Amino acid sequence: MGWEELSLHPSFSSGYQDSGLKRFCSRNILIILGFSFIMAVIALIAVGLTQNKPLPENVKYGIVLDAGSSHTTLYIYKWPAEKENDTGVVNQVEECKVKGPGISKYAHKIHDLGIYLTECMEKARKVIPISRHQETPVYLGATAGMRLLRLENEQLADKVLAKVTEVLRNYPFDFQGARIITGKEEGAYGWITINYLLGKFIEKLGWLNLLPKESNSQETYGALDLGGASTQITFVPRNQTIESPQNALFFRLYGKDYSVYTHSFLCYGKDQALLQKLTKGILDENGTIKDPCFNRGYSRVMNMSNLYDSPCTRKNLMTLPYHQLQIHGTGNYQQCQESVYKLFNTSYCPYSHCAFNDIFLPQLQGQFGAFSAYYYVMKFLNLTSDKSFSQKQMIDTMEKFCSQSWEELKIHFGEVKEKYLSEYCFSGTYIIALLERGYHFTPDSWKNIHFMGQIRSTDVGWTLGYMLNLTNMIPAEQPLSTPLTHSTYIFLMVLFSLILVAVVVIGLIIFRKPSYFRKDMV
């Protein structure tokens, strides 16, 4: 047989090679489709499990008592134990207002403090599971009312705290102490609370951590706190030097440094400010004041001892021959404002910029959350909706409110306690004056003030920041991972689902109608 007979026919050789190439390509495409199918399924399961982790059952609790100048409030917080160092996981589960005045008013009736705290502490005992009682920390922080008592009589202040300690130790919780916090601490803890609840300490990450961080949206809020005996302002001044070291605080939170300005004005809470104003209004010796900050037709008798007993007024009050003060309201906002302005001494400033009373204040920047008495007063005056109210709108509201007679107010707000109702004209006027004359908010910057009562069902105040600090729940660095945003989660689920559907469709075409596929391969 010749070599010619042994050689393959050209057409037969070409067909054999094409068939092998088709089988090779088909096999590789099937492998790729199978691999894509498996990866898409794994990705869907991974994203679903990551985003929908089961809630941990191990919950911890904490109790903080806010012992203010006019009242005491107990707050109960809880958080998943496995997430102590995450942000935004602490929730307020209960609030209990203690019946009666602040603990400083019990300086001469110490033994009443046991009954005073009983109702709210028993409520905490019921709310917190028995299995968690012994590990639940309890903190009591006393603010400006006790600061004033300590200035007046340090031994009495110590006795009040000692009695409170004795009472709280009788409960089955982990009592961590009762102490008077400084005004600087109060301002700092309020600032931490607001920004913690708003999520400002964690920078938002782009999809899969590949996109740039949204740092501009993470500027912190300033904090404006108003109590009965003191008021605090705290914020981060950008590109400004804090000229008075005593007003500077430095934090490192989640890998970022914060240089914070804070100051607490003792005696400038709304209750002590009213006493100061009344003291300045005593011009004669007949014991009668016609006061434009009380509504027309309202009258009140005040014991002079209320003025003499306060360190905020005693130094400016002369000895008078009568024991009671007669107050008669005349209800005029403009005149009330003029009398309130006299509380703020702005005649001299040893720094580049001051608030009042020679206290350094940087130029105001950014948004501010105003809480505590700021919120309660403005809520009563219906000035706390989501939209911002201008300075003029607030002044117009106060002019209208102060001009109403006392009889009209009692008809419209008969359910409100007389003491509070009678002082809303002064309180609203004082808040506007403090923000304008004290802190120098302008009509343009007024829109940056947001009156806040709660954020995510948690009361805004210093107590949450206080507990976070004392339980070391504010980490020094950013957590290793953050949950996906809702938009990122939806995007990834849709993307991987489409890939999965495409793989299945192409696979069905190959298996059910391979001829179409092979024609394309020729």
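All of these numbers come straight from a predicted model, not from anything done at the bench.

J.: Which residues make up the state of the cysteines, and what are the values?
T.: Enumeration according to the criterion identifies five disulfides in this entry. A sulfur-sulfur separation of 2.0 Å characterises the disulfide bridge that pairs Cys293 with Cys336. As the torsion about the S-S bond is roughly 105°, the Cys293-Cys336 disulfide counts as right-handed. With Cys293 in the loop between β10 (288–291) and β11 (299–303) and Cys336 in helix α10 (residues 333–341), the pair connects residues that are 43 residues apart, well separated along the chain. The exposure class assigned to Cys293 is buried, which follows from its relative accessible area of 0%.

J.: Tell me about the side chain of Thr143, and please be specific about residues and values.
T.: Here Thr143 shows up in the loop between β4 (137–142) and α4 (144–152). Excluding residues that lie within four positions of it along the chain, Thr143 makes contacts with Asp66, Ala67, Gly68, Ser69, Ile180, Ile181, Glu186 and Trp462.

J.: Account for the sheet that holds β10, with residues named and values stated.
T.: Taken together, the three strands give an open sheet; going across it, the order is β10-β12-β11, and neighbouring strands pair in mixed fashion. Two strands bound the open sheet, and with one partner strand each, they are β10 and β11. Mean inter-strand twist for the sheet, computed between neighbouring axes without regard to direction, equals 25°. With four bridges connecting them, β10 and strand β12 (residues 324–329) associate as parallel partners. In the sheet register, Thr288 faces β12, and the bridge partner there is Gln326. Together, β10, β11 and β12 form the strand contacts of helix α7 (residues 270–281), whose direction differs from that of β10 by roughly 115°.

J.: Describe the pairing of β11, and please don't skip the residues or the numbers.
T.: Of the two faces of β11, only one is covered, namely that formed by Arg300 and Met302; the face formed by Ser299, Val301 and Asn303 stays uncovered. Note that β11 and β12 share five bridges and pair antiparallel. Residue pairing across strands places Arg300 opposite Ile327, the latter belonging to β12.

J.: So what about helix α14 (residues 418–438)? Which residues, and what values?
T.: Between its first and last C-alpha, α14 extends 28 Å over 21 residues, near the 30 Å set by a 1.5 Å rise per residue. At Tyr424, α14 is bent by approximately 50°, the largest bend along its length. His440 sits one or two residues past α14 and shows a positive phi near 70°.

J.: So, the sheet that holds β4: which residues are in play, and what are the values?
T.: Spatial strand order, β3-β2-β1-β4-β5: five strands in an open sheet with mixed pairing. Each of the sheet's edge strands pairs with one partner strand only, and the pair in question is β3 (91–97) and β5 (174–180). Between one strand and the next, the sheet's axes are offset by a mean angle of 15°, whatever the strand orientation. Strand direction decides the pairing type here: strand β1 (residues 59–67) and strand β2 (residues 72–80), joined by nine bridges, are antiparallel. When the sheet's bridge partners are listed, Lys60 is paired in β2 with Trp79. Helix-sheet contacts for helix α5 (residues 154–168) involve β1, β4 and β5, and the interaxial angle to β5 is about 165°. In the packing of helix α15 (residues 462–470) onto the sheet, contacts are made with β1, β2, β4 and β5, and the angle to β1 comes to roughly 125°.

J.: Report on the nonpolar core, specifying residues and quantitative values.
T.: Core analysis: the biggest nonpolar cluster contains 76 residues, and Leu224, Tyr374, Tyr430 and Tyr439 have the highest contact counts within it. The element contributing the most residues to this core is α14, with 10 residues. Those residues in contact with Tyr374 that sit more than four places away from it in its chain are Leu224, Asp225, Leu226, Thr231, Ile431, Leu434, Leu435, Tyr439 and Phe451. If you look at the next biggest cluster of nonpolar residues, it comprises 36 residues, including Tyr61, Val98, Tyr106 and Met146.

J.: So what's going on with the packing of aromatic side chains? Residues and values would help.
T.: In this structure the tally under the stated criterion is 28 aromatic pairs. Look at Tyr261 and Phe360: their rings are 5.9 Å apart centre to centre, the planes differ by 80°, and that puts the pair in the edge-to-face class. A residue pair is termed long-range when its members are at least 10 positions apart, and Tyr261 in strand β9 (residues 256–266) and Phe360 in the loop between α10 and β13 (368–372) qualify at 99 residues. By relative accessible area, Tyr261 is classed as buried at 0%. Centroid distance Tyr268 to Phe344: 6.0 Å. Interplanar angle 25°. Geometry classified as stacked. One end of the pair, Tyr268, is in the loop between β9 and α7; the other, Phe344, is in the loop between α10 and β13, and 76 residues separate them in sequence. Tyr268 gets classed as buried once you look at its relative accessible area, which sits at 8%. Exposure remark for Phe344: the relative accessible area of 5% places this residue in the buried category. We note Lys109 situated over the ring of Tyr106; from NZ or CZ to the ring centre the distance is 5.1 Å. The cationic tip of Arg437 hangs over the ring face of Tyr341; the distance from NZ or CZ to the ring centre is 3.8 Å.

J.: I'd like a description of the UniProt feature "binding site: ATP" (unreviewed entry) in the protein chain, backed by residues and values.
T.: The UniProt record marks Gly228, Ala229, Ser230, Thr231 and Gln232 with the feature "binding site: ATP" (unreviewed entry), using the residue numbering of this structure. Mapped onto the elements, Ala229 comes out in the loop between β6 (222–226) and β7 (230–235). Note on Ala229: relative accessible area 2%, which makes it buried. Setting aside residues up to four positions removed in sequence, Ala229 forms contacts with Ser69, Ala144, Gly145, Leu148, Phe265, Leu266, Cys267, Tyr268, Gly269 and Gln272. With respect to the helices and strands, the residue Ser230 is situated in strand β7. For Ser230, a relative accessible area of 3% gives the class buried.

How each quantity is defined
Residues numbered from 1 in each chain as written. Predicted model: local features only at pLDDT ≥ 70, side-chain atom pairs only at ≥ 80, totals over all residues. Heavy atoms only, no water. Disulfide = S-S within 2.5 Å. Helix = DSSP H or I, 4+ residues; strand = E, 2+ residues; numbered from the N terminus. Buried < 20%, exposed > 50% of the residue type's maximum accessible area, 1.4 Å probe, protein only. Contact = heavy atoms within 4.5 Å. Pairing = 2+ DSSP bridges. Axes fitted to C-alpha atoms, helices over the stretch in contact; angles between N-to-C directions. Expected span 1.5 Å × (residues − 1). Bend = angle between axes of the 7 residues up to and from the residue. Core = buried A, V, L, I, M, F, W, Y, C linked by side-chain atoms within 4.5 Å. Phe/Tyr/Trp six-rings, centres within 6.5 Å; stacked < 30°, edge-to-face > 60°. Lys NZ or Arg CZ within 6 Å of the ring centre and 35° of its normal. UniProt positions renumbered as here; feature names shortened; annotations may be inferred.

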